[in-house]
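A structural walkthrough
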Amino acid sequence: MSQDEMERAQVAVRAIARVSAGGDATAAPLELAFRRYSPYVATIALRLMGRDGDVDDVVQEVFLRAIKGLEQLREPEAIRSWLATVTVRVCRKTLRMRRLRAMVGFDTTGVDDGLMAATASPEQRALVLRLYRVLEAVPVDERIAWTLRYLEGEQLEAVAKLCGCSLATAKRRIAAVQQVIGRLMPNE
Amino acid sequence: MNDMQRMIDAASAHVQPSWDEARLRRVERALLRRRARARLVRTVGGVALAAAVLVVVGLGFRWKAWSEASVQGATVEPPAAAAEPAEVVFPDGSRAQVEDGASLRQREAEQHRVVAEVERGSVRFDVNPGARVFKVIAGQVAVQVLGTAFTVQRSEVGAHVAVDRGRVRVSWPDGSRELGAGEAGDFPPAPRAEVTIVDETATGPEPEIAPVRPRPAPQKPPVEPQWRDHAHRGDYAAAYAALEAQGPGVVRNHPDDLLLAADVARLSGHPAQAVGPLERVLRGHRGDGRASLAAFTLGKLLLDQLGRPAEAAGAFADARALAPGGALAQDALAREVEAWARAGQRDRARLAAEQYVQRYPDGQRAAHVRRLGGLE
């Protein structure tokens, strides 16, 4: 890391400390930000990855990357938005690796029933597992765009920004998954 | 409702990680170990020469800040690393971290009394809980410590003060104010006309609130922006469109505006955009009588519309903490039970349910709470 990057990281960490004030007085800024925003990051990670077993590693990776890149963020919404952006990148990379491992037979886990909270009914579990089997089969970029739109409730512009693509591309990716799901939902 | 919509609703509501305290701490420890390893890898190995150059440059840079931070009678810590701010230790054990380019001067330094002055830049103070008197002066602004950690950033017209922990009293020639943990402000505050005037007949732009930059004197009296007109008439869609067109700067950093902006976002079908203003109320205006309502509204948004039950539980708990005997306390606790249950955190749901049943045995939601909290 260069001097400039280290100084930016220090500024970023202090920015997190300013925004995340109110936590454990003895905790360093990274810890404060982690305690406040890790549930948010973990939720996005689980919905994108579809496996609870992947969440911990993704969350760690996101915060390791976030501390290097945040600059002068002061508003909670700005920090949340930045963390969401980093989470999408990490999940994209991890999903692509998973896809590659599956192609060569190194990943046979499949959809994880553990991604559902205990409060889900059996019918809801069946529906969600069905959804994630579909998502496992569509291209990673399309999966991410659709999940951000329909499970995270993001506006289309936000989806495009998080995915690092144009609005038209985001719409196209979302529509592609909608078509696949629609074909597999006989009651629609 | 078709299968696809049921599937989306089920996934939004129930695809939630079980992110309890034990898991959070486990992941946090692993994160810190990884960070420590990453730092070790960067320090040794093939980049040793670059690190040596960096250290030399950093020490020179830090020496300049350190010499500016030197204070008579106080112990000055040598710079620990190239990118760390200079640290000052006072006789009473309190510490100050002096940021790049900042200047700190000591006026008094005794075992039980410290008076320091921020001449320029930003300094973060961590005051020893045993300190008797700890005062920081920045121009015409004085910050009296009541046991806390806080940052003072000198500006052209005064200072920006942000409190991380505890409470401080900020005073200036014409007044004073106490700030609690998580609160911040620019002092001396601008005259009321600059921030609260609503003059429908005047012309000119609404002044922007920029907490970390000195505010310019207003050129003309401000005018009521269009978004408020629409909101007060109940046309939230038009209000939201006007907000988007005019930019976030038209929302003043005042609970009136922040709560109205949150309503505009929420009632125009943009719940995610309501979170920011509500959180700003909770961060910067916790003493306002509506802070508890803001926390409760935030909890409802997070739980009912945004599928973030763990965060919602925190917001409901905050609503109760802000007004323990208020009208919302009972509902807030009930909804906290629901939020923990939907987050898959059974232990927390049960604990909250037990509290509810104990405090409100005849409460309207007692049966619902018992079921969600696993007390049946």
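All values reported here derive from a predicted model rather than from experimental measurement. (Residues numbered from 1 in each chain as written. Chains lettered and ligands numbered in written order. Predicted model: local features only at pLDDT ≥ 70, side-chain atom pairs only at ≥ 80, totals over all residues. Heavy atoms only, no water.)

1. Regarding the overall build of chain B
Heads up, the rule is: Helix numbering and strand numbering both begin at the N terminus, where a helix is a DSSP run of H or I of at least 4 residues and a strand a DSSP run of E of at least 2. Each residue is assigned to one of three classes by its accessible area relative to the maximum for its type, calculated with a 1.4 Å probe on protein chains only: buried under 20%, partly exposed between the two thresholds, exposed over 50%. Whether two residues are in contact is decided by their heavy atoms: any pair within 4.5 Å suffices. Each accessible area is a Shrake-Rupley estimate made with a 1.4 Å probe; only the visible protein chains count as cover when residues are assessed.
Each helix and strand counted, chain B has 13 helices and 11 strands in total. Counting across all 376 residues of chain B, residues that qualify as buried make up 47%. Restricting to contacts in chain B with at least 6 residues of sequence separation, those with at least 24 account for 43%. Per element, the accessible surface of chain B, about 17900 Å² overall, is 52% carbon and sulfur.

2. Remarks on the overall build of chain A
Helix and strand content of chain A: 8 helices and 0 strands. Ordered by position from the N terminus, the helices and strands of chain A form the series α-α-α-α-α-α-α-α. Counting every position in chain A, which comprises 188 residues, the buried fraction comes to 51%. A separation of at least 24 residues holds for 63% of the contacts in chain A among residues at least 6 apart in sequence.

3. Notes on the packing of aromatic side chains
For clarity, the cut-off: Pairing of aromatic rings covers Phe, Tyr and Trp, the last through its six-membered ring, and needs centres within 6.5 Å; plane angles under 30 degrees mean stacked, over 60 mean edge-to-face, and all others mean tilted. In this scheme, the term charge over a ring applies when either NZ of a lysine or CZ of an arginine sits within 6 Å of the ring centre and within 35 degrees of the ring normal.
If you walk through the whole model with that rule in mind, you get 6 aromatic pairs over all chains. Between the aromatic rings of Trp146(A) and Tyr150(A), the centroid separation amounts to 5.2 Å while the plane-to-plane angle is 35°, which identifies the pairing as tilted. In this pair, Trp146(A) and Tyr150(A) are both assigned in helix H6 (residues 140-150), 4 residues apart and thus about one turn of the helix distant. Residue classification places Trp146(A) among the buried positions, given a relative accessible area of 0%. Members of the aromatic cluster, each reached through a chain of ring pairs, are Phe90(B), Phe125(B) and Phe134(B). Here the guanidinium or amino end of Arg80(A) rests over the ring plane of Tyr40(A), the centre of that ring lying 5.1 Å away. For Arg149(A), the ring lying beneath its charged end belongs to Tyr150(A), and the centroid distance is 6.0 Å.

4. Brief notes about the side chain of Glu28(B)
Within the secondary structure layout, Glu28(B) lies in helix H2 (residues 21-43). A residue is classified by how much of its surface remains accessible, and Glu28(B), at 6% relative accessible area, is buried. For Glu28(B), the residues in contact, after removing those within four places along its chain, are Glu31(A), Phe34(A) and Arg35(A).

5. Focus: the packing of H6(A) against helix H8 (residues 167-184) of chain A
All names here are of chain A. Our working rule: The axes are straight lines fitted to the C-alpha atoms, using for helices just the contacting stretch, and the angles between their N-to-C directions are given from 0 to 180°. Any angle that falls under 35 degrees is termed roughly parallel, while one over 145 is termed roughly antiparallel, one within 65 to 115 roughly perpendicular, and all others oblique. Residues are grouped as follows: nonpolar covers Ala, Val, Leu, Ile, Met, Phe, Trp, Tyr, Cys and Pro; charged covers Asp, Glu, Lys and Arg; every other residue, Gly included, is treated as polar.
At a minimum axis separation of 8 Å, H6 and H8 run at an interaxial angle of 90°. Looking at the two axes, H6 sits roughly perpendicular to H8. Contact residues: Asp141, Glu142, Arg143, Ala145, Trp146, Arg149 and Tyr150 in H6; Ala170, Arg173, Ile174, Ala176, Val177, Gln178 and Ile181 in H8. By residue class, the composition of the contact of H6 with H8 is 8 nonpolar, 1 polar and 5 charged.

6. Some details on the pairing of strand E3 (residues 95-98) of chain B
Residue and element names in this part refer to chain B. As a reminder, the rule being used: For two strands to be treated as a pair, DSSP must find at least two bridges joining them.
Every second residue of E3 is oriented toward a common face, the buried set being Ala96 and Val98 and the non-buried set Arg95 and Gln97. Of the pairings in the sheet, the one linking E3 to strand E6 (residues 122-126) comprises 4 bridges and is antiparallel in character. Directly across from Ala96, in E6, lies its bridge partner Phe125.

7. As for the nonpolar core
When a protein is soluble and globular, its nonpolar side chains tend to lie buried together. To keep things clear, this is the line we draw: The term nonpolar core refers to a set of buried residues drawn from Ala, Val, Leu, Ile, Met, Phe, Trp, Tyr and Cys, joined through side-chain atoms within 4.5 Å.
Counting residues in each nonpolar core, the largest one holds 62 residues, and the members touching the most others are Val59(A), Phe63(A), Leu131(A) and Trp146(A). Sort the elements by how many residues they give to this core and helix H2 (residues 29-49) of chain A lands first, with 11 residues. What Trp146(A) contacts, discounting residues up to four positions off in sequence, is Leu131(A), Leu135(A), Leu151(A), Ile174(A), Val177(A), Gln178(A), Ile181(A) and Ile8(B). Judged by nonpolar contacts, the second largest core, of 39 residues, contains Ala239(B), Tyr240(B), Leu259(B) and Val264(B).

8. Here we look at H6(A)
Burial analysis of H6(A) places 9 of its 11 residues in the buried class, which makes it a mostly covered element. Those residues of H6(A) lying buried are Val140(A), Asp141(A), Glu142(A), Arg143(A), Ile144(A), Ala145(A), Trp146(A), Thr147(A) and Leu148(A).

9. Let's talk about a nonpolar patch on the surface
Residues and elements named next belong to chain A. Quick reminder of the rule: Patch membership requires over 30% relative accessible area and the absence of a salt bridge. Like charges are linked within 9 Å, and nonpolar side chains (Val, Leu, Ile, Met, Phe, Trp, Tyr) within 5 Å. Here a salt bridge means any side-chain nitrogen of Lys or Arg lying within 4 Å of a carboxyl oxygen belonging to Asp or Glu.
Together, Met97, Leu100 and Met103 make up an exposed nonpolar region whose accessible area comes to about 340 Å². Looking at where Met103 falls in the secondary structure, it is placed in helix H4 (residues 76-103). Owing to a relative accessible area of 67%, Met103 belongs among the exposed residues under this scheme.

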